[in-house]
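# Architecture and fold: a report
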Amino acid sequence: MSAPFRIDLRDVSTFPTRRDEAWRWSDFRRVVSSPAAPAPEIAAPEPGGPFAAIEASETAFANGRLPDGDATAYLTLDGGVHRLRFVTQADASGWQAGVRILVPDGASVVLLETYESSGGAYVANAALTFHLEDGASLERIVLMDEPADAVSVSTATVELKPGARFAQTVVATGARLQRHETHLEHPGQGVEVRMDGLYLLDGSRHADLTTVLTHTGGGETRQMCKGVVTGQARAVFQGKIEVRPGADGTDARMRHDALLLSDRAEVDAKPELEIYADDVQCAHGNTVGALDDEALFYIRSRGVPEVEAKILLTQAFVGEVVDRIGFEPAREIVGPWVAQRLEALV
Amino acid sequence: MAAVTETIRTVQGLEADKYLHGFVTDIEQEFAPKGLDESTVRFISEKKGEPEWMLAWRLDAFERWQAMEEPDWAKVHYPKIDYQDLYYYAAPKKKPQLNSLDEVDPDLLATYAKLGIPLREQAVLAGVINSPRVAVDAVFDSVSVATTFKAELAKAGVIFMPISEALKEHPELVRKYLGSVVPVSDNYFACLNSAVFSDGSFVYVPPGVRCPMELSTYFRINAQSTGQFERTLIIADRGSYVSYLEGCTAPMRDENQLHAAVVELVVLEDAQIKYSTVQNWYPGDAEGRGGIYNFVTKRADCREARAKVSWTQVETGSAVTWKYPSCILRGDESQGEFYSIAVTNGRQQADTGTKMIHLGKNTRSRIISKGISAGKSSNTYRGLVSSHAKAKGARNFTQCDSLLIGKECGAHTVPYVEAKNAHSVFEHEATTTRLSDDQLFYCRSRGLSAEESVALLVNGFVRDVLQELPMEFAVEAQKLVAVSLEGSVG
């Protein structure tokens, strides 16, 4: 499971099934059983997207293509804020695209990554690689907002040089199958990593947040994932922390907490630790449950209607993930964005 | 403190890779020819004088097994097993009827003495009058040679006998429940077991009966390259209670030995089964050669309301351990518990944990797992907690802690959680750390040696689980943990 699955939409034999351990709860081949027809060419979207209010440079894919027709973007980001947008307007067809991002020595970058669409039953497959040089810093904020019948997979691998800092917050609202996967190698040597996730699912949406973190040196990792699931939706969280021999001094914490609001919804979680060094502190916590009846009762006893009380509690629950976003302008957009979707959910 | 001192003394009395229970008893044995085909299955069945339906059941299992593939998903590595190079049946050549201890081979009794098994149980085996009330069904290799206390149990209505005997005396019970918890083709090793199981224990506790004593079986793998295929079936009828102890030792060997047992527990309304295991089979030498492969399927079915099952295991032996004692919580308000200590040292590998499958309303489960890895060993907790959509009010608490002693060992935690309704609450916590330097320093500063300090801290680490063991086992288990870690400090 340490190397990501390389899906090629043209070749069914590369489609993972639930027999593949890393995809046991997200059966890709069940929802995509034949090669996807190429998505049509469309005009480049207007600059903007959910983070339009933030001043930033932008790279936008339209149905997996850059304005020059390429399917792979090579970006060197040496500072500031950058928008990376995957815009889809397709139906019964698919696209795949690649992005390679380099953050040079000492540069500090915010990446606002969005998956937007006005299409229907499309298949999207994005592969990203991040390379952070010495002392570089990247905060990656991902919003996945896709139609209920889409299939979307985004896979990232992250390489970090000494002193680099990588922080990630993924907000997923699900699709027919939506998977966000991150593979990160943590070399220790002053590197700091934060990997957060949030999913908000209703209807029969499916979201899968998968992370594989490999410590080859000591150092700190913090991971927090939360989610709210209702309707007949299904959430999958797979988090793996591997500590290789010699990665002494590793201090890794992982949390996953899920709120199940409906009896037909499902949460599947697999927080995994694989440890081959002894001077380590590793912990994971995992909870799945419903809203606390007593807390609900307390709020209602203060005169708050039930629905509002529920919204209040779920907002408090997911708020923690939003609050950890470091880049304030993004936090101010993600906060209301999440709140709006929560209201629809509860 | 006395127990700890004793632990330390035991540790000091041992040399590295010296397995306390490594010896071979030479008793004439009767073998089935090496290898496995239909005739082996027929041979075993015939030797045991089984009814026709049982043979058909075995043959069906054998046919299915041939179509199955050996699983490889566990985090364990071992050379491929040649199933044709094993003996599938070995019985001590003995008189057919063995009802009294006088008939037991003196060598065999000496074997038990050498095992260092609690004296009280030796006394039972030796037939000492007024000895403590522990019923022992001794399994020497493949055939249960002596069952003590049968009469007293019979008075209470409890049936406790080798399963081969139960097949003759209570065929209707065996037929009704055998394979009802672990289906024939449940998994590769369980299927193999169904085809060739040699013997094991059968327990039936009638409604409302509290079993007057703790039942105990000592498994012992003796003949060279003999697969040991135990089959245990315990049925606790409505409102009954039984506590079952299973303890294992095996002699030193050069060849790997396969042990693929199946344990089935059936718990009916308001009944309770407490199943405790201490396993210290030969783990192999310092290079990991010659240890036992322990691939066991253990499952309990809480079939009716308020049934309760409690698994407690202390796993210190075997070269490769691969087992997940599970609970199917079918009855409303049924409960499952799993308490485990898994200690690996040298080159041992353990992939163990549990499954809690919540199907009924308000079912509860609790998992406490303590893994200790030392040397070059690998220790994995793998568990599943799942709730069905109808399992409203299901509740699980899981805690698995791992302790690492040394630079070259591995400790892994692989929990699976599947929640399918909004009224279940699942909590899982896991930590992995090494022995705290601060705590060690504190112990040393109070005058304890390095070994004493480690023994003290490790005993503290596993205390939650030791508390769950019956008295007979608790002291032995504590010693075992210390002995298993011997040589890992410094």
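Nothing here was measured: the structure is a model prediction, and the numbers come from that model.

Conventions adopted
Residues numbered from 1 in each chain as written. Chains lettered and ligands numbered in written order. Predicted model: local features only at pLDDT ≥ 70, side-chain atom pairs only at ≥ 80, totals over all residues. Helix = DSSP H or I, 4+ residues; strand = E, 2+ residues; numbered from the N terminus. Buried ≥ 20, exposed ≤ 12 C-beta atoms within 10 Å, placed from the backbone. Contact = placed C-beta atoms within 7 Å. Rg over C-alpha atoms; globule rule 2.2 N^0.38 Å. Nonpolar A, V, L, I, M, F, W, Y, C, P; charged D, E, K, R; others polar. Pairing = 2+ DSSP bridges. Axes fitted to C-alpha atoms, helices over the stretch in contact; angles between N-to-C directions. Parallel < 35°, antiparallel > 145°, perpendicular 65-115°, else oblique. Left-handed = near helix turned anticlockwise from the far one by under 90°. pLDDT = per-residue confidence, 0-100. Expected span 1.5 Å × (residues − 1). Bend = angle between axes of the 7 residues up to and from the residue.

A count of helices and strands for chain B gives 13 helices and 24 strands. For chain B, the residues scored as buried account for 58% of the 490 residues in total. Within chain B, residue pairs in contact and separated by at least 24 positions form 84% of the contacts whose partners lie at least 6 positions apart.

A count of helical and extended segments in chain A gives four helices and 17 strands. Taken over the C-alpha trace, chain A has a radius of gyration of 20 Å; the compact-globule value for 346 residues is 20 Å, and the two agree within 12%. Each principal axis of the C-alpha distribution contributes one length, and for chain A these read about 60 × 50 × 45 Å. Residue burial in chain A is summarised as follows: out of 346 residues, 49% are buried. Within chain A, contacts between residues at least 6 apart in sequence are counted, and of these 81% link residues at least 24 apart.

Another aspect to go through is the interface of chain B and chain A. A common measure of how large an interface is: the accessible area buried when the components associate. Facing 29 residues of chain B, the contacting portion of chain A comprises 30 residues. In the side of chain B that touches chain A, the residues fall into 13 nonpolar, 10 polar and six charged.

Before going further, it helps to examine the pairing of strand 6 (residues 201–205) of chain B. Residue and element names in this part refer to chain B. The element strand 6 is largely enclosed, with a buried count of five among its five residues. Alternating positions in strand 6 separate into two faces, S201, V203 and V205 on one and F202 and Y204 on the other, with burial throughout. In this structure, strand 5 (residues 159–162) lies alongside strand 6, joined through four bridges in antiparallel fashion. In the sheet register, I159 faces strand 6, and the bridge partner there is Y204.

We now examine the packing of helix 10 (residues 437–445) of chain B against helix 11 (residues 450–461) of chain B. All names here are of chain B. Look at helix 10 against helix 11: their axes get within 9 Å of each other, and the N-to-C directions meet at 125 degrees. With respect to each other, helix 10 and helix 11 are oriented oblique. Crossing geometry of helix 10 relative to helix 11 is assigned as right-handed. Residues Q439, L440, C443 and R444 of helix 10 form the contact with helix 11, whose participating residues are A450, S453, L456 and L457.

A few words on the pairing of strand 13 (residues 219–229) of chain A. All names here are of chain A. Most of strand 13 is tucked away, with eight of its 11 residues classed as buried. Bridge analysis of strand 11 (residues 192–201) against strand 13 gives 10 bridges, and the strand direction is parallel. In the strand pairing of strand 13, L200 is matched with V228.

For the rest of this paragraph, the subject is the packing of helix 2 (residues 293–301) of chain A against helix 3 (residues 306–323) of chain A. Residues and elements named next belong to chain A. Packing of helix 2 against helix 3 brings their axes to within 9 Å, and their N-to-C directions diverge by 125 degrees. Between helix 2 and helix 3, the interaxial angle falls into the category oblique. As helix 2 packs across helix 3, the resulting crossing turns out to be right-handed. In this structure, helix 2 contributes A295, L296, I299 and R300 to the contact, and helix 3 contributes E306, A309, K310, L312 and L313.

Residues and elements named next belong to chain B. Of all residues in chain B, 76% have pLDDT values of 70 or greater, and the mean over the chain is 79. Note that pLDDT drops below 50 for residues 1–17; the model gives that stretch 27 contacts with residues more than four away or on any other chain. Below a pLDDT of 50 lies the segment residues 117–132, which in the model reaches 28 contacts outside its immediate sequence neighbourhood of four places, other chains included. This complex was scored by the predictor with a pTM of 0.85 and an ipTM of 0.87.

With that settled, the discussion passes to unusual backbone geometry. Phi is positive for N63 of chain A, which is not a glycine, with a value near 45 degrees. Structurally, N63 of chain A is set in the loop between strand 1 (57–62) and strand 2 (72–76). For N63 of chain A, a count of 23 C-beta atoms within 10 Å corresponds to the buried category. For S318 of chain B, which is not a glycine, the phi torsion comes out positive at approximately 70 degrees. In this fold, S318 of chain B is placed in the loop between strand 14 (308–315) and strand 15 (320–323).

It is worth spelling out the environment of H388 of chain B at this point. Residue and element names in this part refer to chain B. By the secondary structure assignment, H388 is in the loop between strand 21 (378–387) and strand 22 (395–405). You can call H388 buried: it has 20 C-beta atoms within 10 Å. Sequence separation between H388 and E418 is 30 residues, and the spatial gap between their C-alpha atoms is 8.6 Å. Other than its neighbours up to four places away in sequence, H388 contacts H358, L359 and K420.

Residues and elements named next belong to chain B. In this fold, S377 is placed in the loop between strand 20 (364–374) and strand 21. For S377, a count of 27 C-beta atoms within 10 Å puts it in the buried group. When the C-alpha positions of S377 and Q348 are compared, they lie 4.9 Å apart, and in sequence the two are 29 residues distant. Discounting chain neighbours no more than four positions away, the residues touching S377 are T344, N345, G346, R347, Q348, Q349 and C409.

All right, on to helix 3 of chain A then. Residue and element names in this part refer to chain A. Between its first and last C-alpha, helix 3 extends 25 Å over 18 residues, near the 26 Å set by a 1.5 Å rise per residue. When the local axis directions of helix 3 are compared, the greatest deviation, roughly 35 degrees, occurs at F317. Within the sequence span of helix 3, burial applies to A309, K310, T314, V318, V321 and V322. The inward-facing, buried residues of helix 3 abut strand 9 (165–172), strand 11, strand 13, strand 15 (250–260), helix 2 and helix 4 (328–345).

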